[in-house]
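An overview of the molecular structure
Single-letter residue listing:
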Amino acid sequence: MAKKRVLFISQEIVPYLPESEMANIGRFLPQGIQDKGKEIRTFMPRYGCINERRNQLHEVIRLSGMNLIINDTDHPLIIKVASIQAARMQVYFIDNEDYFQRKYTISDEEGNFFPDNDERSIFFARGVFETVRKLRWAPDLIYCQGWFTALVPLYLKKEYHDDPVFSKTKVVFSTYNDKFDGKLDEKFGEKAITEGVSRKDVTLLKDPTHTNINKLAFQYADGIIFNHKDVDDELRTFASDLKKPTLEYPGEQSYIEAYSDFFDKIIE
């Protein structure tokens, strides 16, 4: 029987970014799922603060070179890869000079959100899908974590659902207490529209707060994980009303086992 395949799309992964709850799960969950006999692929943004030489990133020429149009502008998609030897695991990086060649991740040195974070998240989500298509690697399940990945469920269900690579793929979205103040660009919803995504599909992005961006992900996900005990009550209520499979974070000691069982339930 063919191994099941899980695609991990993470906002942060150790050792490429400093330790955090999200970055640790981004690093150790894929390894744990691989150790349980599944095939994995892992993606993250190539933020400018990641040292390419130290982490031995190199460009994958055969996967790079495509352009993605966002807000009527062409943006070249560059794919890089590195290995975490201890985990026998490769990490693919989505890169672009306009969006990711800066010294910080999602905020500047004074903690101000980058004004183009909406476009960066669109580019990242679409870049992952286009790269996996090129790899011709059909995942049974996508696990995406952090608000920066929140468009993944939408694009899977609306833009890529007819693609043979993704036609049978399920998606689990994992939310954190990574709340930000204010909103993303007010035209976020317009920019997120593609051939398969209509204005109606992104109604929640008319008011692009952290809560609404997460709600959008919940709306299109097949399963939801609350990755922190302090998740917004409004999100819990919204998820409950959707009546989709949900999982509470069971703690650092047992999350790999719990997530693995949850993934199997969603895949089946």
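Residues numbered from 1 in each chain as written. Predicted model: local features only at pLDDT ≥ 70, side-chain atom pairs only at ≥ 80, totals over all residues. Heavy atoms only, no water.

We apply this condition: UniProt positions are given in the numbering used here, feature names are shortened, and annotations may be inferred rather than shown by experiment.
By the naming in an unreviewed UniProt entry, the protein is starch synthase, taken from Butyricimonas faecalis. UniProt lists a comment for the protein under the heading Catalytic activity (unreviewed entry), and it reads "[(1->4)-alpha-D-glucosyl](n) + ADP-alpha-D-glucose = [(1->4)-alpha-D-glucosyl](n+1) + ADP + H(+)".

Thoughts on the overall build of the protein
Let me state the cut-off plainly: The helix and strand labels rest on DSSP assignments: H or I over at least four residues marks a helix, E over at least two residues marks a strand, and numbering proceeds from the N terminus. Values of the radius of gyration come from C-alpha atoms, whereas the globule rule sets the reference at 2.2 Å times the count of residues to the power 0.38. The buried label goes to any residue with under 20% of its type's maximum accessible area, the exposed label to any with over 50%, and the partly exposed label to all in between, with areas taken from a 1.4 Å probe on protein chains only. Whether two residues are in contact is decided by their heavy atoms, any of which lying within 4.5 Å being enough. Using a 1.4 Å probe, the Shrake-Rupley method yields the accessible areas, and only the shown protein chains count as cover for residues. Charged-residue counts in this description rest on Lys and Arg as positive and Asp and Glu as negative, His and the chain ends being excluded. To locate a charge, take atom NZ for lysine, CZ for arginine, CG for aspartate or CD for glutamate.
Each helix and strand counted, the protein has nine helices and ten strands in total. Relative to the 2.2 N^0.38 estimate, which gives 18 Å for 268 residues, the radius of gyration of the protein is 17 Å and therefore close to what a compact globule would have. C-alpha atoms of the protein, sized along the principal axes, occupy 45 × 40 × 40 Å. Here the protein, with 268 residues, has 56% of them falling under the buried criterion. Looking at the protein alone, contacts between residues at least 24 apart form 69% of all its contacts between residues at least 6 apart. Total accessible area computed for the protein in this model is approximately 12500 Å², and 44% of it derives from carbon and sulfur atoms. If you average the places of the 37 positive and of the 43 negative side-chain charges in the protein, the two averages end up 5 Å apart.

Describing the environment of T194
Here T194 is to be found in the loop between α6 (188–192) and α7 (210–220). Linking T194 and I70, residues 124 residues apart in sequence, is a C-alpha distance of 9.3 Å. If we ignore the near neighbours within four places in the chain, the residues touching T194 are R126, Y155 and E159.

As for the nonpolar core
Most often, soluble globular proteins have nonpolar side chains that are buried together. For clarity, the threshold we go by: Within this scheme, the nonpolar core is defined by two criteria: the residues are buried Ala, Val, Leu, Ile, Met, Phe, Trp, Tyr or Cys, and they are joined through side-chain atoms within 4.5 Å.
Among the nonpolar cores identified, the biggest contains 93 residues, and Y16, Y143, L151, Y155, Y259 and F263 are the most heavily contacted of them. The biggest single contributor to this core is helix α4 (residues 117–135), with eight residues. In this view, Y155 contacts I122, A125, R126, F129, Y160, A192, T194 and V197; residues no more than four positions away in its chain are not counted.

Focus on the packing of aromatic side chains
In this description, an aromatic ring pair is defined by two values, namely the gap between the centres and the angle between the planes. We count it as follows: Within 6.5 Å between ring centres, the rings of Phe, Tyr and Trp (the latter by its six-membered ring) count as paired, and their orientation is classed by plane angle as stacked under 30 degrees, edge-to-face over 60, tilted in between. Both a distance and an angle decide whether a charge sits over a ring: NZ of Lys or CZ of Arg must be within 6 Å of the ring centre and within 35 degrees of the ring normal.
All chains considered together, the criterion is met by 22 aromatic pairs. Residues F100 and F123 carry aromatic rings whose centres are separated by 6.5 Å and whose planes lie at 50° to one another, so their mutual orientation is tilted. Of the two residues, F100 sits in helix α3 (residues 97–100) while F123 sits in helix α4, which places them 23 residues apart along the sequence. When sorted by exposure, F100 lands in the same class as F123, which is buried. Members of the aromatic cluster, joined through ring pairs, are Y47, Y99, F100, F113, F123, F124, W147, F148 and F180. Over the ring of F226 we find R236; its NZ or CZ atom is 4.6 Å from the centre of that ring.

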